[in-house]
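# Residue-level structural notes
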Amino acid sequence: MSNITEPYSVAVNSTQAVTSSPPQSLEDFIEILCNNYIAPVICGIGIIGNIINYVVLSNRRLKKGSYLYLKALTLFDLMALVFSIPYMVVGVRSSDYFWMWYSVYIFLPMVNFFTACSVWITVVMGIDRFIFVKCPTWSRRRNWKLKTQIKIFAVITFSIIICVPKFFCYEIIENGPTARIRDSEFRHSLFFRYTEIVSTGALHFFPLVILSVVNTYLVKKLQSARDIKKEMKSLNSEHETEWQKSQQTFTVTLVSIVILSIIFILPASIVDVATFADPTFTHLRTMRNLSNLLLWCNLSFNCFLYCIFNRQYLKVLRYVIDRGCDRVRRSPTRSTDFQMA
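Just so we're clear, the structure is a prediction, and the values are computed from it rather than from any experiment.

Quick notes on the rules
Residues numbered from 1 in each chain as written. Predicted model: local features only at pLDDT ≥ 70, side-chain atom pairs only at ≥ 80, totals over all residues. Heavy atoms only, no water. Helix = DSSP H or I, 4+ residues; strand = E, 2+ residues; numbered from the N terminus. Buried < 20%, exposed > 50% of the residue type's maximum accessible area, 1.4 Å probe, protein only. Areas by Shrake-Rupley, 256 points an atom, 1.4 Å probe, with all protein chains shown as cover. Polar contact = N/O pair within 3.5 Å; in protein donor to acceptor, adjacent residues only side chain to side chain. Lys, Arg positive; Asp, Glu negative; His and termini not counted. Salt bridge = Lys/Arg side-chain N within 4 Å of Asp/Glu carboxyl O. Contact = heavy atoms within 4.5 Å. Core = buried A, V, L, I, M, F, W, Y, C linked by side-chain atoms within 4.5 Å. Axes fitted to C-alpha atoms, helices over the stretch in contact; angles between N-to-C directions. Parallel < 35°, antiparallel > 145°, perpendicular 65-115°, else oblique. Nonpolar A, V, L, I, M, F, W, Y, C, P; charged D, E, K, R; others polar. Expected span 1.5 Å × (residues − 1). Disulfide = S-S within 2.5 Å. Pairing = 2+ DSSP bridges. Phe/Tyr/Trp six-rings, centres within 6.5 Å; stacked < 30°, edge-to-face > 60°. Lys NZ or Arg CZ within 6 Å of the ring centre and 35° of its normal. Patch = residues over 30% accessible without salt bridge, like charges linked within 9 Å, V, L, I, M, F, W, Y side chains within 5 Å. Charge placed at Lys NZ, Arg CZ, Asp CG, Glu CD.

### Remarks on the overall build of the chain
Counting secondary structure elements, the chain contains 13 helices and two strands. Taking all 341 residues of the chain together, the buried fraction comes to 50%. With the model as given, the accessible surface of the chain reaches about 17200 Å², and the carbon-plus-sulfur share is 66%.

### Notes on the side chain of His204
Here His204 shows up in helix α7 (residues 190–223). Here the side chain of His204 touches Asp272 through a polar contact of 2.5 Å, side chain to side chain.

### A few points about the side chain of Lys71
For Lys71, the position within the fold is in helix α3 (residues 65–89). Buried charge without a salt bridge: Lys71, with Asp77 as the nearest opposite-charge side chain at an N-O distance of 15 Å. Ignoring any residue separated from it by four or fewer positions in sequence, one finds Lys71 in contact with Tyr54, Leu57, Ser58 and Lys63.

### Considerations on the pattern of salt bridges
Within the structure shown, the criterion is met by eight salt bridges. For Glu171, the salt bridge is made with Arg182, and the minimal N-O distance between the two is 3.0 Å. Of this pair, Glu171 sits in strand β1 (residues 170–175) while Arg182 sits in strand β2 (residues 178–183), placing them eleven residues apart in sequence. Residues joined by salt bridges that share partners form a network here, namely Glu27, Asp28, Glu31 and Arg285.

### A closer look at the nonpolar core
Core analysis: the biggest nonpolar cluster contains 79 residues, and Leu70, Ile121 and Trp296 have the highest contact counts within it. Among the elements that take part in this core, helix α4 (residues 97–134) stands out by supplying 20 residues, more than any other. Leu70 has contacts with Leu57, Met125, Phe250, Ile257 and Tyr306, leaving out every residue within four places of it along the chain.

### Brief notes about the packing of helix α2 (residues 26–57) against helix α12 (residues 311–329)
The relative placement of two packed helices is expressed as an angle between their axes plus a distance between the axes. Axis separation between α2 and α12 bottoms out at 9 Å; the angle between their running directions is 95°. Between α2 and α12, the interaxial angle falls into the category roughly perpendicular. Contacts from Ile52, Asn53, Val55, Val56 and Leu57 of α2 reach α12 at Tyr313, Val316, Leu317 and Val320. Each residue belonging to the contact of α2 with α12 can be placed in one class, and the counts come to eight nonpolar, one polar and no charged.

### Focus: helix α10 (residues 284–300)
With 17 residues, α10 extends 24 Å from end C-alpha to end C-alpha; this agrees with the ideal 24 Å at 1.5 Å per step. Along α10, 14 of the 17 residues are buried, which leaves the element largely enclosed by surrounding structure.

### Some remarks on the state of the cysteines
Considering all chains together, one arrives at zero disulfides under this definition. The structure places no disulfide on Cys43, whose sulfur is separated from the nearest cysteine sulfur, that of Cys297, by 9.0 Å. Given the relative accessible area of 10%, Cys297 is considered buried.

### With respect to the pairing of β2
In this sheet, β2 lies alongside β1 in antiparallel orientation, the contact comprising six bridges. Paired with Ile172 across the two strands is Ile181, which belongs to β2. In textbook terms, the turn of a hairpin is the stretch between consecutive antiparallel strands, and for β1 and β2 this stretch comprises two residues, one of which, Gly176, has a positive phi near 70°.

### Re the packing of aromatic side chains
Given two aromatic rings, one states the distance between the centres and the angle between the planes to describe the pair. Overall, the coordinates contain 17 aromatic pairs when judged by the stated rule. Ring geometry for Phe186 against Phe192: centres 5.4 Å apart, planes inclined by 70°, an arrangement best described as edge-to-face. We classify Phe192 as buried; its relative accessible area is 5%. Sitting over the face of the ring of Tyr319, Arg61 holds its NZ or CZ atom 3.9 Å from the ring centroid. The residue whose ring lies beneath Arg129 is Phe132, and the NZ or CZ to ring-centre distance is 4.5 Å.

### Points about the packing of α2 against α10
Between α2 and α10, whose axes approach to 9 Å, the crossing angle comes to 10°. Taken together, α2 and α10 sit at an angle that is classed as roughly parallel. Of the residues in α10, those in contact with Glu27, Asp28, Ile30, Glu31, Cys34, Asn35, Ile38, Ala39, Ile42, Cys43, Gly46 and Asn50 of α2 are Arg285, Thr286, Asn289, Leu290, Leu293, Trp296, Cys297, Leu299 and Ser300. The residue inventory of the contact of α2 with α10, partitioned by class, reads eleven nonpolar, six polar and four charged.

### A look at a nonpolar patch on the surface
A cluster of nonpolar side chains, namely Leu26, Phe29, Leu33, Tyr37 and Ile38, defines an oily patch on the protein surface of about 500 Å² accessible area. A residue is classified by how much of its surface remains accessible, and Ile38, at 32% relative accessible area, is partly exposed.

### Considerations on a positive patch on the surface
Positive charge collects at one region of the surface, where Arg60, Arg61, Arg323 and Arg327 lie side by side. Inspection of the secondary structure assignment puts Arg60 in the loop between α2 and α3.

### Considerations on the environment of Phe107
Its location among the elements puts Phe107 in helix α4. Look at Phe107 and you get buried, because its relative accessible area is 1%. Taking the C-alpha atoms as reference, Phe107 lies 8.6 Å from Pro86; in sequence the two are 21 residues apart.

Spatial relationships are all this shows, so hold off on functional conclusions.
This is the structure we're talking about:
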């Protein structure tokens, strides 16, 4: 991959040959290993996990405003992985015009767009949870579902603005039935340079700072849960106690999501700094491939976090599985087969 500052990049010129021929160096081997083998497996696991997440989070038992954030996060992660799989399985090895076009005009801009949505949904969710924990009584009187929908729409709009330049980074040069990709003039312009600086800050550095501050506060509040109960001492009924437990469970889930995001986004931020500091750095391509691999993990592993830290999610997951098994047992096809046997 070319040494660029985008979270995800496409193969350019000589890189296409690398993925279809034996590796000539350690960097070529790492690139082929990451893009052709490890990343597709991670994406496959992520697609299955996010589909399960979406089904569970669509259940009426998880219709609260806070879980609407998780549903949006799941959808953004799923779409990023769905657009990535064709590129990883076929596009990265092919020099056909269609796959070049797919790489430049579908894979690169769309995956960056959905990744930006995923990052900022996590940030907004963290800020909302910060406000909720800081002012719980006031927060309960707010119409969170409507405000959550507005904030999700705002995140989508912001991500579109940030990712529009990605559509103009490369050009496709036709050569009979095959084609190759080269940098566009826009990509080497001063304006694009400025947009990349803004994009890097918006997608990596600002989210990292905000998430670190918010998560530190939430962890401290979780450690002093008795203080939170004192703030809400007027809520003494059994119903309110269950409500407090569900809110604390969601806070723990969010903290785990944020920690995972920080771990997986930080290497990409380091690579961005290295790219700006010295674009000719020897191991920059390897660093970019490894950081991209961590970003795939960030899109793929939330399902495991929900199962580990969110008892309410796990309860609904079991309900969905049991209901699905009941439907299979009661299906007309199975009844007919049983009678024929």
